[in-house]
Every structure is written in structure tokens, then in C-alpha cells.
Amino acid sequence: MRLFYLVFFYLIASYSFADWIDTTDPLTVKAFPSQQAEIKQNPPQFRWPQPDRIPSGYEVQLLSSQGKSSSYTVARNWLLPSQIFAADTYSWRVRTTTAGAAWSDWRKFTIGVNADVFLVPEYNVLLSRLKAKSRPKSLPISSAGIEVWRQQVNSTRANAVLGLRNDVDRYMQQAILTDADMPLVAASVNESAWAASLTNIRQRVNAETAQLRNSALLWQITRDPRYFSEAVRRGNGLIALNLKGSTHFKNQDQATRAIAWGLVQANDLLALDLPSVTRTAWLNNAKSRTLDMYRDLANNYWRLDQRPFDSHGSTQYGYVAAISALLVGDVPEADIWFRDTFRAYAQYINPLGGEDGGYAGGSAYGEYSADVYLQLWDPISIATGVSFYDKPWSKGMLDFFAYFVPPGTPSHQFGDAAETKPVNQLLKAYASRFKSPLAAWYYRNLVGDESPSTLLSAPMPLPIDSLANTLPDVNSLYLPTTGWAAMHSELADRSRTSLYFKSSPYGSFNHSHGDQNTFTLVDKGRPIFVDSGVYDWYGSKHFYQWYRQTKAHNGITFDGGKGQIVDDDMGGMAAKGQITQYQFADNIDMVEGDAKQAYGGQLSQALRRIWFLRDQNLIVVWDKLKSPVARKFEWNLHANEAFDLSMPQQYILPNKDKPICINTVWPELTNAVQTSGYDVLPEVNSIPPVWHLRVSYGLALEQQFVHVINLDCLSSKPSYTFDFGRSQLLIADKAISF
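All values reported here derive from a predicted model rather than from experimental measurement.

Scoring rules and cut-offs
- Residues numbered from 1 in each chain as written.
- Predicted model: local features only at pLDDT ≥ 70, side-chain atom pairs only at ≥ 80, totals over all residues.
- Heavy atoms only, no water.
- Helix = DSSP H or I, 4+ residues; strand = E, 2+ residues; numbered from the N terminus.
- Rg over C-alpha atoms; globule rule 2.2 N^0.38 Å.
- Contact = heavy atoms within 4.5 Å.
- Buried < 20%, exposed > 50% of the residue type's maximum accessible area, 1.4 Å probe, protein only.
- Pairing = 2+ DSSP bridges.
- Axes fitted to C-alpha atoms, helices over the stretch in contact; angles between N-to-C directions.
- Parallel < 35°, antiparallel > 145°, perpendicular 65-115°, else oblique.
- Nonpolar A, V, L, I, M, F, W, Y, C, P; charged D, E, K, R; others polar.
- Salt bridge = Lys/Arg side-chain N within 4 Å of Asp/Glu carboxyl O.
- Phe/Tyr/Trp six-rings, centres within 6.5 Å; stacked < 30°, edge-to-face > 60°.
- Lys NZ or Arg CZ within 6 Å of the ring centre and 35° of its normal.
- pLDDT = per-residue confidence, 0-100.
- Left-handed = near helix turned anticlockwise from the far one by under 90°.
- Polar contact = N/O pair within 3.5 Å; in protein donor to acceptor, adjacent residues only side chain to side chain.
- Disulfide = S-S within 2.5 Å.
- Arc of directions from axis to C-beta.

## Topic: the overall build of the protein chain
Turning to step 1, where the next piece is worked out: Of the regular secondary structure elements, the protein chain holds 16 helices and 25 strands.
Turning to step 2, where the next piece is worked out: The globule rule puts the C-alpha radius of gyration for 738 residues at 27 Å, and the 27 Å found for the protein chain is close to it.
Turning to step 3, where the next piece is worked out: Projected onto the principal axes, the alpha-carbon positions of the protein chain cover approximately 80 × 75 × 55 Å.
Turning to step 4, where the next piece is worked out: The long-range fraction of contacts in the protein chain, counting pairs at least 24 apart against all pairs at least 6 apart in sequence, stands at 68%.

## Re the pairing of strand β10 (residues 497-502)
Turning to step 1, where the next piece is worked out: Burial within β10 is extensive, with six of its six residues counted as buried.
Turning to step 2, where the next piece is worked out: Residues T497, L499 and F501 point to one face of β10 and S498, Y500 and K502 to the other, with burial holding for every one of them.
Turning to step 3, where the next piece is worked out: The pairing of strand β9 (residues 484-488) with β10 spans five bridges and is classified as antiparallel. Paired with H488 across the two strands is S498, which belongs to β10.
Turning to step 4, where the next piece is worked out: Note: β10 against strand β11 (residues 518-523), six bridges, orientation antiparallel. Within β11, the residue paired with K502 across the bridge is T518.

## Some remarks on the packing of helix α5 (residues 191-222) against helix α7 (residues 253-270)
Turning to step 1, where the next piece is worked out: With their axes 9 Å apart at the nearest point, α5 and α7 run at an angle of 5° to one another. One element, α5, and the other, α7, form an angle in the roughly parallel class. On α7, the residues touching I201, R202, V205, N206, T209, L212, R213, A216, L217, W219 and Q220 of α5 are Q254, A255, A258, I259, G262, L263, Q265, A266, L269 and L270.
Turning to step 2, where the next piece is worked out: Partitioning the contact of α5 with α7 into residue classes produces 13 nonpolar, six polar and two charged.

## Focus on the pattern of salt bridges
Turning to step 1, where the next piece is worked out: Across all of its chains, the model carries 38 salt bridges by this definition.
Turning to step 2, where the next piece is worked out: A salt bridge links D623 to R608; its shortest N-O distance comes to 2.7 Å. Note that D623 is positioned in strand β17 (residues 618-639) and R608 in strand β16 (residues 605-613), a separation of 15 residues in sequence. The exposure classification of D623 matches that of R608, with both residues buried.
Turning to step 3, where the next piece is worked out: Here the salt bridges do not stand alone but share partners, grouping R135, D268, R279 and D330 into one network.

## Considerations on the packing of aromatic side chains
Turning to step 1, where the next piece is worked out: This model, assessed by the stated rule, comprises 49 aromatic pairs.
Turning to step 2, where the next piece is worked out: The positively charged end of R47 is found above the aromatic ring belonging to F32, 4.8 Å away from the centroid.
Turning to step 3, where the next piece is worked out: One cation-aromatic arrangement involves R226 over Y227; the distance from NZ or CZ to the ring centre is 4.8 Å.

## Here we look at the confidence of the model for the protein chain
Turning to step 1, where the next piece is worked out: Mean pLDDT over the protein chain stands at 94; residues scoring 70 or higher make up 98%.
Turning to step 2, where the next piece is worked out: Here residues 1-17 is a poorly scored stretch, pLDDT under 50, and it has 25 contacts once near neighbours within four places are set aside; other chains count.

## Some remarks on the side chain of D335
Turning to step 1, where the next piece is worked out: Relative to the helices and strands, D335 is located in helix α10 (residues 333-348).
Turning to step 2, where the next piece is worked out: The residues touching D335, leaving out its near neighbours within four places in the chain, are Y123, L127, K131, V328 and G329.

## So, the packing of helix α8 (residues 276-306) against helix α9 (residues 311-327)
Turning to step 1, where the next piece is worked out: The interhelical angle for the contact between α8 and α9, taken along N-to-C directions, is 130°, at an axis separation of 10 Å. Classed by the angle they form, the pair α8 and α9 counts as oblique. Two packed elements cross with a definite hand, and for α8 against α9 that hand is left-handed. Here L283, T290, M293, Y294, D296, L297, W302, R303, L304 and D305 of α8 come into contact with α9, specifically with G313, S314, Q316, Y317, V320, I323 and L327.
Turning to step 2, where the next piece is worked out: Classifying every residue of the contact of α8 with α9 gives 10 nonpolar, four polar and three charged.

## Quick notes on the side chain of D589
Turning to step 1, where the next piece is worked out: You can see D589 is positioned in strand β15 (residues 588-594).
Turning to step 2, where the next piece is worked out: A polar atom in the side chain of D589 sits 3.2 Å from the backbone nitrogen of A585.
Turning to step 3, where the next piece is worked out: Not counting chain neighbours up to four residues away, the residues in contact with D589 comprise S476, M487, Q583, F584, I610, W611, F612 and R614.

## Brief notes about the state of the cysteines
Turning to step 1, where the next piece is worked out: This structure, assessed with the given rule, holds one disulfide.
Turning to step 2, where the next piece is worked out: In this model, C661 is linked to C713 through a disulfide, with the two sulfur atoms separated by 2.2 Å. Its S-S torsion of approximately 70° makes the covalent link between C661 and C713 right-handed. Remark: C713 occurs in the loop between β22 (691-710) and β23 (720-723) and C661 occurs in strand β20 (residues 660-666); sequence separation between them is 52 residues. C713 shares its class with C661; the two are buried.

## Quick look at helix α3 (residues 146-156)
In an α-helix, one turn spans 3.6 residues; hence positions three or four apart end up facing the same way.
Turning to step 1, where the next piece is worked out: All buried positions along α3 are accounted for by W149, R150 and V153. On an axial view of α3, the arc spanned by its buried residues comes to 100°, and they lie on one face. Exposed and oriented more than 90 degrees from the buried face of α3 are Q151, S155 and T156.
Turning to step 2, where the next piece is worked out: Looking at the buried side of α3, the elements it contacts are α4 (158-171) and α5.

In C-alpha cells, the structure reads:
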């Protein structure tokens, strides 16, 4: 019988064809684990698309390589088991509980011995744990009691206490926030003014709720009555805001979640010291706002279960999960909210990356998300005993930051707000929550300190505190699920050269741009080849007509700046790229991307291969392009200073004391044009200078470009030749094949 199971297992594991959980819709959740997947999380999580008619439940069946079978019944289209799996190879399938329903195909996956344990107990266990915990539930108070915690905080984090006191004391001079301070402009009247009013509402509410939370935290730390009074004053001001006004969920969802979370946190921190009348009023207000968020998530049979790609919705999931965790025992509805969102959020987190980490919308928005995670995950971990920092995606996010926003880098990479400067205190705080050599190196090499607000309620000691200094020994990183690659001369060196490449399956979705098969370059802390444009606001004319367009990036356009699809029926998700090859070695890295699909049928081939030769300070870029009709293909480069075009086939970027030479090796004769500024100006007071280089040849059905970028053409003049017969570039002792 055991032999039968083993034979059966291998047969079903290798057999695959389209079934009811296969989908070609890029916005619909994909079956996971996919066929032949190597899972980083133990226990694994499972998800699959919903059928057209939503059933009352699903049955999931698992089969190990040893023939051991197990099954689970769940109400929604995901499963997060609450027991650790043995390292093994498994197969899984799913069907609805409808009578006579068909099974999906079997899908085979493997859990290795080194998979990260991320164990989330069942709802009833977590609920009992929360109800047994005394307030404040969100502070890391040991069995020694709150007085010991206060002594530890005041002694080991005295500078942070002083810093927070200064922040709160300074803000005390600000008047209580009112509805009059946050007028909402109708989008139909003036879209630009509407966007500005949303920003004003968000910023004013965030500042006010931070003062509420920080005052309550200082009351717990110092027992200074001034902070108790300030917290009560700010909380009462927030509940005085019109629930149906500018901060209502339908008008400004970010304001709604901030107010609800601020009131709930302050209620937890002030614990039994808050008068019952005040406490009831705060909780009623928070309940009303949270109910709006909960209903939105529950809409369309839990809409994110089926259509997970919603940046605001994914953040909202975390807020409702955290709010309900701290309200259990105080608000009866919180038990239901917690049941429906906490474990769902645990298996969801964020859809813009896979288990290897990364944030497809760009490192700036990844940083903004990390800010939210710090605010939510520490209280969640302390209250429930479930640390979201243990999730493989969360650990992969740390890798993403370390390699794409390394210490000393001047800006973010790709997507909206890529031109902005990283906020080290956020990155530093995120890194401190992990116990790994990379986290310790990253944390200790970022300049600045974590915000006192998050540090004073963080675990003691921080996970990285016990780790010795260790330099990273890997200089490159490729993230398959997001389609990003980072190549550094030496990651540990702040004077590093950093080459970044993107060809992403997420296309131009949401905060992403039409920038598949493009690259950026940073050298010695200076931005060299940049993504041009300014993030004035999401939806401006500059945003749509320049900032997101391929012509604003270091990529391929044609016929006067035409490029990739940035908006389509799938929100740009269908206009995707793919990294098809990568090779990382000691002295040379190579990555190849295929962006054909991103051009929406306008091109029949769009390959780019890029090499970074560390030992010679050279970058080689090869493009191979085809079109169904003759086109004028264009090679684009953008910089913050003007190029010198005085030499044929060579373009020199002054780069202060270290000129960079860009040489067109092929075609042998090209036309280079330099412009500056933007086709459509951004709506900002100050516009940074930018220059655009466009290299073209002429009308053709097919075109290849070969460029060599010498990062130090004054001191290094390498000799290279192009072997046309073999399609090779010969540089010193290296032959680069095309």
C-alpha cells in the first residue's frame, strides 16, 4: 500500500493541465503554492481564486511524499495551517464544498529544513490570549511588572524619552485640530486642489494622532500629569470631528484609519486611568470608523481575497487587525473583526512581492509601508505573541532595503517618489527588528536614530543588539517575484558604485512606471543616471504625460518618445517585463530582461542585457529590438547635469572630478540629441535641472544597440573591439557575447 501511495504521489505531482483555479487575469489571486515551488515559510500558506459562484466553503487536501494525507475545510479561499510541517515534498489540491464539485489539479511544492517558522495559532487560541492579557496590552511588559519596565525604559532609552518629551512639549502649543482646518475640495471642481486637500487632511490628522499616542506613551513612562491631560485633550478633539466630514472613510480613508488607531492605542496606553465617560466616547468613535473599514474589506465576499492588488486596502487590513486585537474585551464587535481579519492579514501582508521580499511599487513606497508596519506590528506582536517580522516576506523586505536603499544612497529606486531621499530613521527601525548579520550591518551603518515614538514601545533589547558587526559578503541581489536586480561594486563600501535594473511582472501597476528593462546608476553617493521627473501628485498632467512614461527613464523608446503601456484594462499589470537571465560573479554581473509584453504589441522583441565589470569600472548595455513595422528606435539616458556631445559616438558626463564616458559601439553611426526640462512641467515651486540624451539610428524593422559606459574615463581607458562575426565585445581578457 505504501508503494502505491509513493507511485501515486509522483504521478500526480508531475501531471499538470489547466483547471478551475488557473487564471490569466493578472489582477486575480494566483494559486499558491505553485507547481514545483520551494516554500520559504513553515507552515506554508495556500490560496486560490474564487469560482464565479461563491461557495459556502472549500476543502483542501495535502499529500506528503510518504503517502500521508490530510485535509482542511475553510470558509474562504485561503488556508493558513496552525501546525508546523515536516520538511518534505508535498502535493495539494482544492475543491469547493458544493456537492459534486471538481477537484483542482495537484500541485507539488517543497518545504526545506531551513524554512522560516511563522506560526499563527487559531482564532480561539488568540482570542483567549488577548482576553487574558491586562492593559496596556501593546507594551513589552515582562512578568516583573510595569514599574520594572518604566525603570528599564528610563535608564536604557533615556535619550529617546528626552527626545519624545521635546517633541510632545513643542506640539502642545498647537491648537486642537478642527474640521475647519481640513476643508475637502471636490475633485469635480478642481482635481489638483482636491489632491492637495487630501494631503493636508492626512498630514494634519497624522500629526494630531501622533501627539495623542505619544502623550499617552509618555504618561505611562513618566507619570507626568501634563501628558495625561494632553492625551485627553487631543483625544477629545479628535472625537469632536464630524464623523461624516472630511475625515470620513469615503472622503479620506487614511484619516479614518489614523484616528481610529490613535484612539484605540491611547485607550490601551492610558488603561484604567481614563475616565469611563471619556473612554466610552473614544471607543464609540473608534468603533464607528473601524466598522466603515471592516465593511469595505468584507465587500464582495472579502474583496482582497480575490483581487489582492490594492495598496490602501492592504494597509487597511493591517489597521483593522491591529485595532480589533487591542479592542478585544472592550468592544463586542471586535471579536468578529479580529476573527475575520487577523489570520487573513497574516497570510496576506502585501501582494506587491513574494516570499523573497521586495516591493514592486518602488523602494519609496516600500519605505512608507515599513512606517505602517512599525506602527502596527510591534503592538500586534506584543499583544498576540505573533511576530509578523518572522514572515519570510518581511525578512525579504529587509534584504530589499539593504540592497536597493543601502547606507549613503542619495535617493530611492524606481516608481513613484524614486527621486526622494530615504528616511534613515524608518529604515533603521525596521532593520532593528530582525536578528540577522545583514540587519545588524544595515542598522549600524545608517546615519541617524529611530524615532523615539516607535523605539520606546519596541522590544527590549532589540533583536539586533546581541549581534556582532559583520560585513555583507554578497554584493548583488536578484528578486524574482518583483523582477529587480541590484549590482554593487562592494555593498559594504559607502563609496560604492551601484547599478540597479528592473523588468517586473507587475508592469506599470499602481505606483510603478512604464520602466521595464531600464536601469539607474549611483556612484560614490551621487545619482548619475536617474529616473527623471517629479512626483508632484498622483494623477497630475506631469505624472501621466512624463513621470510614468518610458521616455522619462533609461530605456528604449521609438518614433519620438513612444514607449511602454502605462495604463490598460488591467491597471498596467499586463504591461509587464521579466528578468530572463542573471549571473552574479566576483568581478562581473550580468542580468537580462525581456520587456516585449510591456510595449503592448508595438514591438515583437525587446531584450536588454547589461553587464557590470567591477574590476574595470565598466558597464556594457546591449539591446535587441524588433518591430512588425519599421521604426526609429531610441536609446535614452537621463542625468542631473548636461552631457558633452563634442565627440562622435561618445557622450561625456562631467560628474565633477570623475567624468563618465558613454560610447556607442553599435551602430557605428548614430544621431545623438540632448534636451533639458520636461514636456509637461510638474506642479511644484522648484524644478530640479535634468538633461535627456537620446541616441537613434534610423528607420528599421530590427535594431541592436551596444553601449559601453566607462565610469572613470580619465584614469581608465580600456581597449575593446567588437567582433561582428561572432557578435562579441572583447574587453581585455573578457569576451562578452550578444
